[in-house]
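Below, each chain spelled out in residue letters.
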Amino acid sequence: MALFKKKQNQEITISDIQLPEHIGIIMDGNGRWAKKRGLPRSAGHTAGAQTFRKIARYCSDIGIKHLTVYAFSTENWRRPGDEVDALMRLFKDYLQEAIRDFKDDSIVLRFLGDRTAFSPELLSLMNENEEESCNRDGMILNIAMNYGGRAELVTAMQQMAQEVASGSLNPEDIDEQMISDHLYTKGQPDPDLIIRPSGENRTSNFLLWQSAYAEYVIMDVLWPDFTPNDLDSALIEYAKRNRRFGGV
Ligand code: IPE
Ligand code: IPE
Ligand code: MG
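This is a predicted model, so every value here is computed, not measured. (Residues numbered from 1 in each chain as written. Chains lettered and ligands numbered in written order. Predicted model: local features only at pLDDT ≥ 70, side-chain atom pairs only at ≥ 80, totals over all residues. Heavy atoms only, no water.)

Q: Explain the UniProt feature "active site" (unreviewed entry) in the chain residue by residue, including any values.
A: UniProt annotation of "active site" (unreviewed entry) refers to D28 and N76 when read in the numbering used here. Across 49 residues, the annotated set stays spatially compact, with a maximum C-alpha separation of 11.9 Å. In this fold, D28 is placed in the loop between β1 (22–26) and α1 (30–36). The class for D28 is buried, based on a relative accessible area of 16%. Not counting residues within four places of it along the chain, the set of residues in contact with D28 comprises R196, P197, S198, E200, L222 and W223. You can see N76 is positioned in the loop between β2 (66–73) and α3 (81–101). (UniProt positions renumbered as here; feature names shortened; annotations may be inferred. Helix = DSSP H or I, 4+ residues; strand = E, 2+ residues; numbered from the N terminus. Buried < 20%, exposed > 50% of the residue type's maximum accessible area, 1.4 Å probe, protein only. Contact = heavy atoms within 4.5 Å.)

Here you go:
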């Protein structure tokens, strides 16, 4: 509502609008960014990692409570070995830096996805970061790594089937809340806004269950070029949407 209070010639800023509680970002377009510059795809990922650092900090600064970034999908293993290796090196660099430098920071780090596929070194960095940050009181930053919405649902169904088999769960008690509670995002609200830079109009297996009523904002900018201004534009677009959740 506050959005429409401003006179036509006054610019709307994010201080005028209601912010989403949970933002998801599909960090896409690194490869195209590199190609445009005649660089290897890995250079696009390095640039994209810098954008991620900047945008995560910005979301925390403006008071977003939950940010989920899609960093590596269950399907991204299909990429050439050298590209996957470059991405794993970037994850390691970021997680080492996060443990070392963010001690006084308020951001809580969590990882969504099947982490058994990662090297022991990366796995222990993920665990250490989660343990180090779990008592902080700031934004929850979920990094989706080896994440797929379908794989997440398969895992949830296997867990519930095991609980039924062991007698601790009655099949009639399975409801939407229980399914949500078996996902990697357990305890967190569903995303209100999902931003996809790079112009692709698809979910690519991101937060399938959780995004049932998320507002999608698709943007033409490639992820390495994405700025806090672009985030503001997405937030202002989100604030204009009329969310009905099936009602009128
Ligand atoms: C996103 O950028 C990063 C990952 C999927 C890991 P892409 O690498 O998909 O970039 P494009 O889509 O090829 O431009
Ligand atoms: C989605 O992007 C995954 C991440 C951004 C991590 P992709 O580039 O893998 O998706 P598609 O292949 O265009 O659907
Ligand atoms: Mg892509």
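This is not the end of the story, as more comes after the structure.
Q: How would you summarise the nonpolar core if you had to cite specific residues and measurements?
A: The tendency in soluble globular proteins is for nonpolar side chains to be buried side by side. Core analysis: the largest hydrophobic core is formed by 45 residues, its most contacted members being I25 and L141. Ranked by the residues each element gives to this core, the list is headed by α3, at seven residues. Those residues in contact with L141 that lie beyond four places of it in its chain are F52, A56, L67, V69, Y94, I107, V108, L109 and R110. I26, Y70, L112 and L207 belong to the second largest nonpolar core, which has nine residues in total. (Core = buried A, V, L, I, M, F, W, Y, C linked by side-chain atoms within 4.5 Å.)

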